[in-house]
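Structural features, examined
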Amino acid sequence: MSAAATLSVRNLSIMFGGVHAVEDVSFDVNPGEIFAIIGPNGAGKSTIFNLISRLYEPSNGSIHYGEHDLLKLPAHKIVKTGIARTFQNIELFEQATVLQNLLVGRHSHSSGNPLTDFAFLPGVKRSELEHRRKVEDIIDLLEIAQYRDERISDLSYGARKNVELARALCAEPSLLLLDEPASGLNNEETDDVGFWLEDIKHDLGVTLVMVEHDMNLVGSIADRVMAINDGRLITIGTPEEVRENAEVQQAYLGVSP
Amino acid sequence: MQVLFKTRYEDDIHFLAKTGEKIRVGLVVLLLIAAPLFLQNYYLAELGLMLVYAIAGIGLMILTGHTGQVSFGHAAFLAIGAYCHSILISHGVPFSVSVVLTVTLSGVIGMLLGRSASKMHGFYLAIATLAFLILVETFLGEWEAVTGGHAGFKVPALKLFGIPLKAMWQQYYLDLFFVFVVVLGAANLFRTPTGRSFLAVRDSELSARSLGVSVEWVKIQSFGVSAAITGLAGVLLAHHLSYLSPEVFGVLESLKLMLMIVVGGLGSILGAIFGAILISLLPIAISFLRDVLPPAVGQQAGLEPLLFGLIIVVFIVFEPQGIYGRWMKIRFFFETFPYYRKSSFVRQKSYLKTERMR
Ligand SMILES: Nc1ncnc2c1ncn2[C@@H]1O[C@H](COP(=O)(O)OP(=O)(O)O)[C@@H](O)[C@H]1O
Ligand SMILES: [Mg+2]
């Protein structure tokens, strides 16, 4: 596991067709904390994630993770710095099995080469078994053993959510970006997710940044919360402070100040 | 359905987990090895040709079925393989050296094509690969000094380590040997990171990227591996054709390869083999059709491509998982008899996203 580091975002901005989706947003995420991002739909939360994972190019600002200047890296090198993520609309490999999905999660730790893989040299087999062992640990942690050989397209929504979280963990990240980990889940499933996230934080020492609408979940596990609206930062504070903030309440009620 | 108790991760890494599967595959392998004992030369040649097409099918399957990159230009790699090899051995290069050089050249050209195609999707990729095919075909026709142009190129007799292989069974075993190599290699590919990164790019480029897969590099690799394997098929094909001419490797040949993998079942190695069987039977069906159809229709030159196109469409609409998918259903039927229900293979849509949103 890569060493925990601070994620610092400074003056981050991006425009889509003349509209600022994210405008001048700055924040730090400290090693080992659970940091929640809240805001109404279209506030720019997922866009911030897409900027950090380099799927979008910012028009301004900087993103550093520890000593890494993320804006100098292409999207596929981000996971090497220790950052893994999930997607709001679940991006699994639909026609592959759960096991195959999780093994792709190990990609950043494998040195594949078509020729050695084609020949399945002894070294390849050894590292395959090693990956498999790591994957099985995550399968146990998230209790998805019963789906191991199922195709993703045969899984229920809740199971997919777990598998996507598991796949991100297979990359052995030090920082995990979770885009609405509890959306679409029932109360019981949401509670499970809450427990797992705390386990991931405490046992695996992973820093968590999550976009979440469920304020109960946010209130019970987040150390700090950042509220944004229309791409701009409103406030950062403890869950209570943010809940009490007048501007946050207005943003959610849709009343202009 | 059989329940498998796996006690070691090693069990999962083996591609033939079920005993029944091992027996079935073992039987087919035995039959293929014994074929020269009971097949006459004509049928042995047909079977050898089928094996060659199975190799080409696996080549295209890796690119289209497993990486999701369509190519209507794959006959070009058959051509590159056939011509390069024939030209090399006609200059006295030994067979074994020529195979290595030819497969490498084909793979490198595939990588270059993959590099320029890595930013293209769907329709544009189809057109680009088709353009590549036309380019190669034209080039082979024009470069008369080396390729013999449209007059054709005589393929030198097959010789291995200096020993002439004149008998059909000798050539057949050569084909069979390479089928084993390619099937084994392709199966290996998909139980290792390289193959899984191909599947990842096929299903979601976005999350492939976020897990550290370089999508461009995967496409280059997949084009390269696919072209190398198809080039190998070209090498073997040359010895079956004994006379090469650019027209043999045209759009129709590409369409034939595409037909093979669509009909066989996209996304499985076995599908490519089923497709090859079908393709070998197709000429018989076509000559039969020519006889029974009224001459005005039956003698039309376009009957073959029309039929190819028609079969592709029918399969995409009615049996998108191809013969392989049908085979899985039949097997499942027998394994679970008498409990099979038609709905066993209907995709379980156990949720609708909008329903779950609160
Ligand atoms: N790829 C894109 N192209 C154009 N507009 C986009 C794109 N991605 C996001 N946006 C816009 O940016 C704004 C913020 O979106 P998003 O970050 O998804 O919001 P949310 O906070 O609900 O996650 C929205 O107005 C959305 O339409
Ligand atoms: Mg969002």
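Predicted, not measured: the structure shown is a model, and the values here were computed from it.

Rules behind the numbers
Residues numbered from 1 in each chain as written. Chains lettered and ligands numbered in written order. Predicted model: local features only at pLDDT ≥ 70, side-chain atom pairs only at ≥ 80, totals over all residues. Heavy atoms only, no water. Helix = DSSP H or I, 4+ residues; strand = E, 2+ residues; numbered from the N terminus. Buried < 20%, exposed > 50% of the residue type's maximum accessible area, 1.4 Å probe, protein only. Contact = heavy atoms within 4.5 Å. Areas by Shrake-Rupley, 256 points an atom, 1.4 Å probe, with all protein chains shown as cover. Rg over C-alpha atoms; globule rule 2.2 N^0.38 Å. Lys, Arg positive; Asp, Glu negative; His and termini not counted. Charge placed at Lys NZ, Arg CZ, Asp CG, Glu CD. Donors = N, O, S within 2.8 Å, 3.2 Å for Na, K, Ca; no water. Buried area = accessible area lost by both parts, 1.4 Å probe. Salt bridge = Lys/Arg side-chain N within 4 Å of Asp/Glu carboxyl O. Polar contact = N/O pair within 3.5 Å; in protein donor to acceptor, adjacent residues only side chain to side chain. Nonpolar A, V, L, I, M, F, W, Y, C, P; charged D, E, K, R; others polar. Core = buried A, V, L, I, M, F, W, Y, C linked by side-chain atoms within 4.5 Å. Pairing = 2+ DSSP bridges. Near = heavy atom within 4 Å. Axes fitted to C-alpha atoms, helices over the stretch in contact; angles between N-to-C directions. Parallel < 35°, antiparallel > 145°, perpendicular 65-115°, else oblique. Domains from an automatic or database assignment.

Observations concerning the overall build of chain B
Scanning chain B from N- to C-terminus turns up 17 helices and four strands. The buried share among the 358 residues of chain B stands at 47%. Within chain B, residue pairs in contact and separated by at least 24 positions form 75% of the contacts whose partners lie at least 6 positions apart. Accessible area of chain B: about 17,700 Å², with a carbon and sulfur share of 70%.

A word on the overall build of chain A
A tally of regular secondary structure across chain A gives nine helices and 10 strands. For a compact globule of 257 residues, the expected C-alpha radius of gyration is about 18 Å, and chain A comes in at 19 Å, within 12% of that figure. If you line up chain A on its principal axes, its C-alpha atoms span 65 × 40 × 35 Å. Evaluated residue by residue, chain A yields a buried proportion of 54% over its 257 residues. Here the contacts in chain A between residues at least 6 apart in sequence split such that 67% fall between residues at least 24 apart. In the structure as shown, chain A presents an accessible area of about 10,600 Å², 47% of it carried by carbon and sulfur atoms. Of the charged side chains in chain A, 22 are positive and 38 negative, and the gap between their average positions amounts to 8 Å.

So, the coordination of the magnesium ion (ligand 2)
For the magnesium ion (ligand 2), the protein coordination sphere consists of S46(A) (OG) and Q88(A) (OE1), at 2.0 Å. With S46(A) in helix α1 (residues 45–52) and Q88(A) in the loop between β6 (83–85) and α2 (98–104), this pair connects stretches of sequence that are 42 residues apart.

Brief notes about the interface of chain B and chain A
Across the boundary between the two partners, chain B contributes 42 residues, which contact 51 residues of chain A. Counting the surface lost from both chain B and chain A, the interface buries some 4,200 Å², and carbon and sulfur atoms represent 59% of this. At the surface where chain B touches chain A, the tally comes to one salt bridge. Across the salt bridge formed by R196(B) and E128(A), the nearest N and O atoms sit 3.1 Å from each other. There are eight residue pairs in polar contact (both at pLDDT 80 or more) connecting chain B and chain A. For the side of chain B that touches chain A, the elements supplying multiple residues, two or more each, are α1 (9–13), α8 (168–189), α9 (193–203), α10 (205–210), α11 (215–241) and α17 (353–356) of chain B. With eight residues, α9(B) is the largest single contributor of residues to the side of chain B that touches chain A. Looking at the side of chain B that touches chain A residue by residue, the class counts come to 17 nonpolar, 13 polar and 12 charged.

So, the nonpolar core
Residues I55(B) and I62(B) are the most contacted members of the largest nonpolar core, which totals 91 residues. Sort the elements by how many residues they give to this core and helix α3 (residues 41–66) of chain B lands first, with 14 residues. If we skip the residues at most four places from it in the chain, I55(B) touches D175(B), F178(B), V179(B), V182(B), I229(B), L232(B), A233(B) and L236(B). Among the nonpolar cores identified, the runner-up in size contains 48 residues, and I38(A), L102(A), I152(A) and A166(A) belong to it.

Observations regarding the sheet that holds strand β1 (residues 7–16) of chain A
Residue and element names in this part refer to chain A. Taken together, the four strands give an open sheet; going across it, the order is β2-β1-β4-β5, and neighbouring strands pair in antiparallel fashion. Edge positions in the sheet fall to β2 (19–29) and β5 (68–69), since each of these pairs with one other strand and no more. Direction of pairing for strand β4 (residues 60–65) relative to β5: antiparallel, over a ladder of two bridges. What sits directly across from H64, in β5, is D69.

Re the site of ligand 1
Residue and element names in this part refer to chain A. All residues in the neighbourhood of ligand 1 are listed as F16, A21, P40, N41, G42, A43, G44, K45, S46, T47, Y56 and Q88. At 2.9 Å from an oxygen atom of ligand 1 is found a main-chain nitrogen or oxygen belonging to G44. Between ligand 1 and T47 there is a distance of 2.5 Å, counted from an oxygen atom to a side-chain nitrogen or oxygen. Here the shell around ligand 1 gets three residues from one element, more than from any other, and that element is α1. Among the residues making up the shell around ligand 1, the classes are represented as five nonpolar, six polar and one charged.

Some points on the sheet that holds strand β8 (residues 207–211) of chain A
Residue and element names in this part refer to chain A. In space, the six strands of this open sheet follow the order β6-β7-β8-β3-β9-β10, with mixed pairing throughout. Looking at strand neighbours, the two that pair on one side only are β6 and β10 (232–237), the edges of this open sheet. Going across the sheet, the axis of each strand differs from the next one's by a mean of 15 degrees, ignoring polarity. Direction of pairing for strand β9 (residues 224–229) relative to β10: antiparallel, over a ladder of five bridges. The partner of A227 across the bridge, within β10, is T235. Lying over the sheet, helix α5 (residues 157–170) contacts β6 and β7 (175–179), oriented at roughly 160 degrees with respect to β7. Where helix α6 (residues 187–204) meets the sheet, it contacts β3 (34–38), β7 and β8, and its direction lies at approximately 150 degrees from that of β8.

Considerations on the packing of α8(B) against α11(B)
Residues and elements named next belong to chain B. Following both chains from N to C, one finds α8 and α11 inclined at 170 degrees, their axes separated by 11 Å at the closest point. By the criterion of interaxial angle, the relationship of α8 to α11 is roughly antiparallel. Contacts between α8 and α11 involve Q171, L174, D175, F178, V182 and L189 from the first element and V225, I229, L232, L236, H239 and H240 from the second. Looking at side-chain class alone, the contact of α8 with α11 contains eight nonpolar, three polar and one charged residues.

A look at the pairing of β4(A)
Successive side chains on a regular strand alternate, one facing one side of the sheet and the next facing the other. All names here are of chain A. Across five bridges, β1 lies against β4 in antiparallel orientation. Following the sheet pairing, S13 is matched in β4 by N60. Remark: two residues form the turn of the hairpin made by β4 and β5, two consecutive strands paired antiparallel; G66 in that turn has positive phi of roughly 60 degrees.

Some thoughts on the side chain of T207(A)
All names here are of chain A. Relative to the assigned elements, T207 resides in strand β8. Engagement of the side chain of T207 in a polar contact is seen with the backbone nitrogen of G32, the distance being 2.9 Å. Excluding residues that lie within four positions of it along the chain, T207 makes contacts with V29, N30, P31, G32, E33, S174, L175 and L176.

Considerations on the domain arrangement of chain A
Interfaces are frequently sized by the accessible area removed from exposure as the parts join. Residue and element names in this part refer to chain A. Here chain A is partitioned into domain 1 (1–82 + 173–257) and domain 2 (91–172). Tallying the contact residues gives 19 residues for domain 1 and 13 residues for domain 2. Roughly 1,300 Å² of surface becomes buried between domain 1 and domain 2 when both sides are summed, with 70% attributable to carbon and sulfur atoms. One can count zero salt bridges joining domain 1 with domain 2. Put simply, domain 1 and domain 2 have five residue pairs in polar contact (both at pLDDT 80 or more) between them. Of all the elements, α6 adds the most residues to the side of domain 1 that touches domain 2, at five residues. Taken together, the residues that form the side of domain 1 that touches domain 2 break down as 11 nonpolar, four polar and four charged.

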